[in-house]
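The lines below spell out each chain.
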Amino acid sequence: SDWLRAKVKAAGELCTKVDGGDGDPSITSSVYQQALEDWVHRVVEHVRERDKSHVVAYYHPGAEWDLSYDRRYTPGDDARFRKWLLVRYGSIKRLNVEWGSQYSAFNEIESPKHTLIDAFPKQSLCAGLTKDTPGKPWLSSNGAIRDWSTYWYEAVAEYINGTSRLFKQLDPTRPTVSYLTFAW
């Protein structure tokens, strides 16, 4: 919806694509989150008023394929990523060892701009699994890309879980169903 994209962009919370173009509203945007909450309230109200025989079996709170790798970049998401890294590593020294980098502070770190191919290298997908990333052998061995991807796995799950909780709070008579394949 163009009206929401314009409103989110005016708030500085529109994602930027890797190529510099406008992306979609960030799922972490306060403007987007308020619009989503309002929309969920309207959907549940509509369903409760009109679906007395429960033809609508469940609500779908979102799916990760709406969140393409090439359009997840906002200053707010960068700041949240840096906080996530601080919790994950505890010190810039430990991060530098893991990433093979030389940052002097977390505030120097920007999210790595990459595409799906960068995150899931062709050789890992086509030539078998690698040992570079224990537990996630399909994921890039580049520390920044690996951590950015893991950060987003958690952010997407939190986003969809939060939307699901809202649906359930407003209409506990219907379950929610979503798809989290982490294949985006």
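Residues numbered from 1 in each chain as written. Predicted model: local features only at pLDDT ≥ 70, side-chain atom pairs only at ≥ 80, totals over all residues. Heavy atoms only, no water.

Draft legend 1. Representation of the overall build of the protein. The secondary structure content of the protein amounts to seven helices and two strands. For the protein, the α and β elements follow one another from N to C terminus as α-β-β-α-α-α-α-α-α. Of all 184 residues assigned to the protein, the portion counted as buried reaches 43%. Restricting to contacts in the protein with at least 6 residues of sequence separation, those with at least 24 account for 65%. Approximately 10500 Å² of the protein is accessible, and the part contributed by carbon and sulfur atoms is 53%. (Helix = DSSP H or I, 4+ residues; strand = E, 2+ residues; numbered from the N terminus. Buried < 20%, exposed > 50% of the residue type's maximum accessible area, 1.4 Å probe, protein only. Contact = heavy atoms within 4.5 Å. Areas by Shrake-Rupley, 256 points an atom, 1.4 Å probe, with all protein chains shown as cover.)

Draft legend 2. The arrangement of the pattern of salt bridges in detail. For the structure shown, the criterion picks out seven salt bridges. Between Arg5 and Asp24 there is a salt bridge, with the nearest N and O atoms lying 2.4 Å from each other. A residue pair is termed long-range when its members are at least 10 positions apart, and Arg5 in helix α1 (residues 2-10) and Asp24 in strand β2 (residues 22-25) qualify at 19 residues. When its relative accessible area of 27% is taken as the criterion, Arg5 is described as partly exposed. Among the ionic pairs, Asp147 bridges to Arg88, the shortest N-O distance being 3.1 Å. (Salt bridge = Lys/Arg side-chain N within 4 Å of Asp/Glu carboxyl O.)

Draft legend 3. Representation of the nonpolar core. Grouped together as the largest cluster of nonpolar side chains are 33 residues, with contacts concentrated most on Phe81, Leu85, Leu95, Trp99 and Ile109. At the level of secondary structure, the elements contributing two or more residues to this core comprise α1, α2 (30-50), α3 (75-89), α4 (92-99) and α7 (143-170). Each residue touching Ile109, except ones within four places of it in the same chain, is listed here: Phe81, Arg82, Leu85, Ile92, Leu95, Trp99 and Tyr103. (Core = buried A, V, L, I, M, F, W, Y, C linked by side-chain atoms within 4.5 Å.)

Draft legend 4. View of the confidence of the model for the protein. In this model, the protein carries a mean pLDDT of 81, and residues with pLDDT of at least 70 account for 77%. Per-element mean pLDDT across the protein ranges from 43 in helix α6 (residues 122-126) up to 95 in α2. Low pLDDT, under 50, characterises residues 122-139; the predicted model gives this stretch 28 contacts beyond four residues in sequence or across chains. (pLDDT = per-residue confidence, 0-100.)

Draft legend 5. Examining the packing of aromatic side chains more closely. Scanning all chains against the criterion turns up eleven aromatic pairs. Between Phe81 and Trp84, the ring centres sit 6.2 Å apart and the planes meet at 15°, which makes this aromatic pair stacked. With Phe81 and Trp84 both in helix α3 and three residues apart, the pair spans about one turn of that helix. Their ring planes at 80° and their centres at 5.6 Å tell us that Tyr151 and Trp152 sit as a pair that is edge-to-face. (Phe/Tyr/Trp six-rings, centres within 6.5 Å; stacked < 30°, edge-to-face > 60°.)

Draft legend 6. Examining the layout of surface pockets more closely. Taken as a whole, the second largest pocket spans an internal volume of roughly 410 Å³. If you trace the second largest pocket, you find 17 residues lining it, with Ile27, Gln33, Ala155, Glu158 and Tyr159 closest to the centre. For the lining of the second largest pocket, the secondary structure elements donating two or more residues are α2, α3 and α7. No other element matches the nine residues that α7 contributes to the lining of the second largest pocket. (1 Å grid on protein atoms, 1.4 Å probe; cavity = no way out; pocket = protein on both sides within 12 Å on 5 of 7 lines; lining within 4 Å. Points joined across faces, edges and corners; volume = space filled by probe spheres on them.)

Draft legend 7. Inspection of the side chain of Ser101 at higher detail. Mapped onto the elements, Ser101 comes out in the loop between α4 and α5 (116-119). Ser101 sits in the buried class, given a relative accessible area of 19%. A polar contact is formed between the side chain of Ser101 and the side chain of Asn96, at a distance of 2.6 Å. Contacts of Ser101, omitting those with residues within four sequence positions, involve Leu95 and Asn96. (Polar contact = N/O pair within 3.5 Å; in protein donor to acceptor, adjacent residues only side chain to side chain.)

Draft legend 8. Main features of the packing of α1 against α2. Two elements in contact, α1 and α2, have axes whose closest approach is 8 Å; the angle formed by their N-to-C orientations is 145°. Counting all contacts with α1, which are made through Trp3, Leu4, Lys7 and Val8, the residues of α2 involved are Val31, Tyr32 and Ala35. Taken together, the residues that form the contact of α1 with α2 break down as six nonpolar, no polar and one charged. (Axes fitted to C-alpha atoms, helices over the stretch in contact; angles between N-to-C directions. Nonpolar A, V, L, I, M, F, W, Y, C, P; charged D, E, K, R; others polar.)

Draft legend 9. Representation of the environment of Glu45 in the model. For Glu45, the position within the fold is in helix α2. Exposure remark for Glu45: the relative accessible area of 46% places this residue in the partly exposed category. Measuring from C-alpha to C-alpha, the distance between Glu45 and Leu170 comes to 8.6 Å, with 125 residues separating the pair along the chain.

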